[in-house]
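Structural features, examined
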Amino acid sequence: MLSVRIIVTMAIMVCCFRMSCDGTAALYVTFGSVVKLRNLAHNARLHSLEMKYSGGSSQQMVTAVYDEDDVESNWIVKAVGVSVRGQPIQCGDTVRLEHLSTAKNLHSHTFRSPLSGNQEVTAFGENGAGDRGDTWRVMCKRMLWRRDSPVLLRHHDTGGYLMVSGREYHEPILGMLEVAAGHLCHEAYWQVAEGLYVHPDEHRTRHTEL
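For clarity, every value in this text was computed on a predicted model and none was experimentally measured.

As for its placement among the helices and strands, Glu178 is situated in strand 11 (residues 177–182). Comment: no salt bridge for buried Glu178; closest opposite-charge side chain is Arg167, at 6.1 Å. At a separation of 3.3 Å, a polar atom in the side chain of Glu178 contacts the side chain of Ser113. What Glu178 contacts, discounting residues up to four positions off in sequence, is Ser113, Pro114, Leu115, Ser116, Met163, Val164, Ser165, Gly166, Arg167 and Tyr169.

Enumeration over the complete set of coordinates arrives at 1 disulfide. The side chain of Cys91 participates in a disulfide bridge whose partner is Cys140; the two sulfur atoms lie 1.9 Å from each other. Between Cys91 and Cys140, the disulfide has an S-S torsion of -110 degrees and is therefore left-handed. Placement of Cys91 in the loop between strand 4 (75–79) and strand 5 (94–99) and of Cys140 in the loop between strand 8 (136–139) and strand 9 (152–155) is noted, with a sequence separation of 49 residues between them. Accessibility expressed as a relative area gives 24% for Cys140, which makes it partly exposed.

On to the pairing of strand 12 (residues 190–198), then. Within strand 12, 9 of the 9 residues are buried, which leaves it mostly tucked inside the rest of the structure. Where strand 1 (residues 34–39) and strand 12 come together, 5 bridges link them in antiparallel fashion. Bridge pairing in strand 12 places Leu37 opposite Val192.

Scoring rules and cut-offs
Residues numbered from 1 in each chain as written. Predicted model: local features only at pLDDT ≥ 70, side-chain atom pairs only at ≥ 80, totals over all residues. Heavy atoms only, no water. Helix = DSSP H or I, 4+ residues; strand = E, 2+ residues; numbered from the N terminus. Buried < 20%, exposed > 50% of the residue type's maximum accessible area, 1.4 Å probe, protein only. Lys, Arg positive; Asp, Glu negative; His and termini not counted. Salt bridge = Lys/Arg side-chain N within 4 Å of Asp/Glu carboxyl O. Polar contact = N/O pair within 3.5 Å; in protein donor to acceptor, adjacent residues only side chain to side chain. Contact = heavy atoms within 4.5 Å. Disulfide = S-S within 2.5 Å. Pairing = 2+ DSSP bridges.

Written out as C-alpha cells, the structure is:
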C-alpha cells in the first residue's frame, strides 16, 4: 500500500506538472524538490521499478523510459550533508536521489551493467537510507543547477557519469533503456523535466514544466 507521502505528492503532481501552480517558473533545482530527469541524447526519463537485476548485484533495477507521464520516474533531490530545504543546489554539490515510490537511492558500484558492460546503476537502501555509493556530484557550467540547462551527475565513489547506454531491454520490460555509469559522453547529459519544486525563500512548493 502506498504511503500517505506518495499519494499526496502524486496527486499534486497530476494537477501541476503541466503548468506553474502560481504562474511563476522557478529558475533552479532546490533541495527537497521532486523531479523527473530527462536524458538529452535519448529523450527518456530516469526510472526505477520493483524488479531486481537477475545478475550482478541483484539490487533494484534503474532504467529509462520514454513515457513522460510515468509515475515511477519521480526522484527526491536530497543533500548529503546539512542543507536548508528549498536551497538552490550549486554546481559541484553532492546529492542523493531517492526514488519516490520505493524510497531507495540512486546507486552505483563496480558491478557491470547487463547490456553494455558499463557500471551497473541500481536503486539501493531502505526508506532513503543507503551508503556512500548513493552519492552523486552535480556538474554544470553555471554557479547553480538551473532547470533549463544540461547537467552531468558524476558518481562520487567511482567517477562514472550517469548515462543511458541506448541498449533496450526485452521482456518483461520491453522498450525500457539501460541506465549505467561510464565515461563522459553525449549520452551522459540530463535536464530536469517535470517537477515539484520547493521555493528557495518561501519554502513552499511550486510545480512547473520546462
